[in-house]
Amino acid sequence: MQNKITKVLQHMAHTHEQMARILDAERHVAVRMSQIVHDLPDADPDLGDTSGLIESSGQVNKSIIAYLNALADLEEAMAEGVGRVIKELNGQEEE
């Protein structure tokens with residue numbers, strides 16, 4: 001039984017590592033997009049059409065929100081997995 005728990009933990013660790021790599025890539029995209037938005041001038045920007053600017057800002061906001069949601073999903077998945085392992089270990093100790 002201990003071997004099964006170890007294998008489950010190894011699998012969970014690998015899965016979490018892959019999820020973290022994906023989130024890190026998303027973070028880099030969100031940071032870069034934020035830097036681009038930050039570099040835009042505050043006063044009298046000559047960007048032509050304001051609808052394009054509003055659309056781009058909306059895309060940046062969506063990217064940041066998606067990144068934060070992905071972080072929350074990762075945290076939830078990790079907590080759920082660790083909770084299952086703890087329950088299994090507690091059940092094993094009672095036997």
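Scroll up for the structure.
One numbering rule holds for all chains: residues counted from 1, following each sequence as written. The predicted origin of the model limits local features to residues at a pLDDT of at least 70 and limits the giving and counting of side-chain atom pairs to 80 or more, whereas totals for whole chains, interfaces and linings rest on all residues. To get the side-chain values, all heavy atoms of the structure are used, and hydrogens and water are removed first.

(A) Expanded view of the overall build of the protein. Each helix corresponds to a stretch of at least 4 residues labelled H or I by DSSP, and each strand to a stretch of at least 2 residues labelled E; elements are numbered beginning at the N terminus. Tallying secondary structure elements over the protein gives two helices and zero strands in all. Each residue's exposure class comes from its accessible area (1.4 Å probe, protein chains only) as a fraction of the maximum for that residue type: buried when under 20%, exposed when over 50%, partly exposed otherwise. Across the 95 residues of the protein, 13% fall into the buried class. The protein chains shown are the only cover counted for residues, whose accessible areas, like all others here, come from Shrake-Rupley with a 1.4 Å probe. Summed over its atoms, the accessible surface of the protein is roughly 7600 Å², and 57% of this surface lies on carbon and sulfur atoms.

(B) Structural context of the side chain of His16. When you line up the elements, His16 lands in helix α1 (residues 2-39). Here His16 is in contact with Leu74, Ala77 and Met78, once residues within four sequence places are set aside. Whether two residues are in contact is decided by their heavy atoms: any pair within 4.5 Å suffices.

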